[in-house]
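# Topology and contacts: notes
This is what each chain is made of:
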Amino acid sequence: MIKVENLVKHYGDKYAVNNISFTVGEKQIVGLLGPNGAGKSTTMNILTGFLSASSGKVEIDGHDILDDTMAAKRSIGYLPEIPPVYPDMTVKEYLNFVYELKGCTLNRRKHIEEIVNVTKIADVYNRVIGNLSRGYKQRVGIAQALIGNPKVIILDEPTIGLDPKQIVEVRNLIRTLGHNHTVILSTHILSEVQAVCDRVVIINKGRIMADKPIDEISDAVVTRCRLEAAICGPVKEVLYAIRTLNGVTRCDSLKTDGDTTTYIIESEAGLDIRKPLFNLLSSRGWPLVGLNTMGMSLEDIFIALTVDPTKGKSAKAKFVK
Ligand code: ADP
Ligand code: MG
């Protein structure tokens, strides 16, 4: 459905996108995952024909974005980083405006009604967009992308700036869209990709570092376990004791607040050290007052995914700025 070949975009001698290639099949949901400045928005702007590439090729549903721009663009609904909504219009006026703009020929009333229902914006249909909450604005942004029923939906950081409840709603909506559309979304949050995508393409500094089905990323993620523990006790002794626990690969103190210190504890692949940790602390009379399992950071994931097992060397050096 989407074919990207050797895409390059440079500004002067700075490469925003540096030789990116990937393909996306029909009705797949693919996440472009990468830190700020990785090249996600640039890639999406090129895919949607908003920006021209320095070199490379993009095909959407068999249409070349350069040779066959109109047809390619018609196959795409795009929600850019900043939603293109007009604050002075009502939702109704805006969606009708986009309908005209796209030259849509579907039954207007029925089509817009369907979109309003699927994006759950019926409550605010007659309200002025400028007065809506961020969550509603974002859904109006997704609604405009759906007008014309394009096969491909491209969403640039669709949950950024939303509160946790709105994030869940937008993620559910994206999963629903995946039933009938090919979806590419960008994010810098790993759990977002895990929550909604079938596949992840990890980008860093304009290059693809990994391109994997989501279950493979999960395998890489469980290769290390990390805990954050708040413990009352003498820091040096606590550190020493935890470091000698079987399977612990790293323990550092983060911060001390009164008599409680927070520690980061990492352990070997697939090893749950919570019970031995608790037993150790209770035997020493050091109360455990908080314990969180922490997800791996994007950097950790990135390293885990790009380790070359034959060389045993990670790509960390490439990631760190
Ligand atoms: P992301 O969306 O992953 O945060 P971007 O695609 O926005 O990343 O940016 C990728 C890189 O390209 C960044 O280093 C950014 O500063 C640079 N960049 C983006 N647009 C321009 C531009 N118009 N001029 C110069 N550099 C740019
Ligand atoms: Mg961006």
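Residues numbered from 1 in each chain as written. Chains lettered and ligands numbered in written order. Predicted model: local features only at pLDDT ≥ 70, side-chain atom pairs only at ≥ 80, totals over all residues. Heavy atoms only, no water.

A few words now on the overall build of the protein chain. Across its full length, the protein chain carries twelve helices and 14 strands. Counting the 321 residues in the protein chain, one finds 47% classified as buried. Carbon together with sulfur atoms contributes 51% to the accessible area of the protein chain, which is approximately 16100 Å² in total. (Helix = DSSP H or I, 4+ residues; strand = E, 2+ residues; numbered from the N terminus. Buried < 20%, exposed > 50% of the residue type's maximum accessible area, 1.4 Å probe, protein only. Areas by Shrake-Rupley, 256 points an atom, 1.4 Å probe, with all protein chains shown as cover.)

Interaxial distance between helix α9 (residues 235-243) and helix α10 (residues 274-284) falls to 11 Å at its minimum, and their mutual angle equals 140°. The angle between α9 and α10 places the two elements in the oblique class. Here the hand of the crossing between α9 and α10 comes out right-handed. Contacts from Glu 237, Ala 241 and Ile 242 of α9 reach α10 at Leu 277, Leu 280 and Arg 284. Here the residues of the contact of α9 with α10 are counted per class, giving four nonpolar, no polar and two charged. (Axes fitted to C-alpha atoms, helices over the stretch in contact; angles between N-to-C directions. Parallel < 35°, antiparallel > 145°, perpendicular 65-115°, else oblique. Left-handed = near helix turned anticlockwise from the far one by under 90°. Contact = heavy atoms within 4.5 Å. Nonpolar A, V, L, I, M, F, W, Y, C, P; charged D, E, K, R; others polar.)

Moving on, we come to the sheet that holds strand β12 (residues 248-257). Reading across the sheet, the four strands line up as β12-β13-β11-β14 and stay open at both edges, with antiparallel pairing between neighbours. Either end of the sheet is taken by a strand with one partner, and the two such strands are β12 and β14 (288-293). Ignoring which end each strand starts from, the neighbouring axes of this sheet average 20° apart. Across eight bridges, β12 lies against strand β13 (residues 260-267) in antiparallel orientation. By the bridge assignment, Lys 255 is partnered in β13 with Thr 262. Across the sheet, α10 is in contact with β11 (225-232), β13 and β14; its angle to β14 comes to roughly 165°. (Pairing = 2+ DSSP bridges.)

Positive phi is not limited to glycine here, since Asn 19 has a value of about 70°. Turning to its location among the elements, Asn 19 is positioned in strand β2 (residues 14-24). For Lys 27, which is not glycine, the phi torsion reads 55° and is therefore positive. Turning to its location among the elements, Lys 27 is positioned in the loop between β2 and β3 (29-33).

The six strands are arranged β6-β7-β8-β3-β9-β10 in an open sheet whose pairing can be described as mixed. Both outer strands of the open sheet, β6 (76-79) and β10 (207-213), are each paired with one neighbouring strand and no more. Strand-to-strand twist in this sheet, taken as the mean axis angle between neighbours without regard to direction, amounts to 15°. For β3 and strand β8 (residues 182-187), the ladder comprises five bridges, and the chain directions are parallel. Residue pairing across strands places Ile 29 opposite Val 183, the latter belonging to β8. Sheet contacts for helix α5 (residues 134-146): β6 and β7 (152-156); angle to β6, the most-contacted strand, approximately 160°. This element, helix α6 (residues 164-177), spans β3, β7 and β8 of the sheet and lies at about 150° to β8.

Taken together, Ser 41 (OG) and Glu 81 (OE) make up the protein donors of the magnesium ion (ligand 2), found 2.1 to 2.6 Å from the metal. Here Glu 81 lies in the loop between β6 and α3 (91-101) and Ser 41 lies in helix α1 (residues 40-47), a separation of 40 residues in the sequence. The partly exposed category is assigned to Glu 81, whose relative accessible area is 41%. (Donors = N, O, S within 2.8 Å, 3.2 Å for Na, K, Ca; no water.)

On to α5. The end-to-end C-alpha distance of α5 is 19 Å, a good match for the 18 Å that 13 residues give at a rise of 1.5 Å each. In terms of burial, α5 is a largely internal element, ten of the 13 residues being buried. Considered for burial, the residues of α5 that qualify are Gly 135, Gln 138, Arg 139, Val 140, Gly 141, Ile 142, Ala 143, Gln 144, Ala 145 and Leu 146. Elements that come into contact with the buried residues of α5 comprise β6, α3, α4 (108-118), β7 and α6. One or two positions beyond α5, positive phi appears at Gly 148, with a value near 95°. (Expected span 1.5 Å × (residues − 1).)

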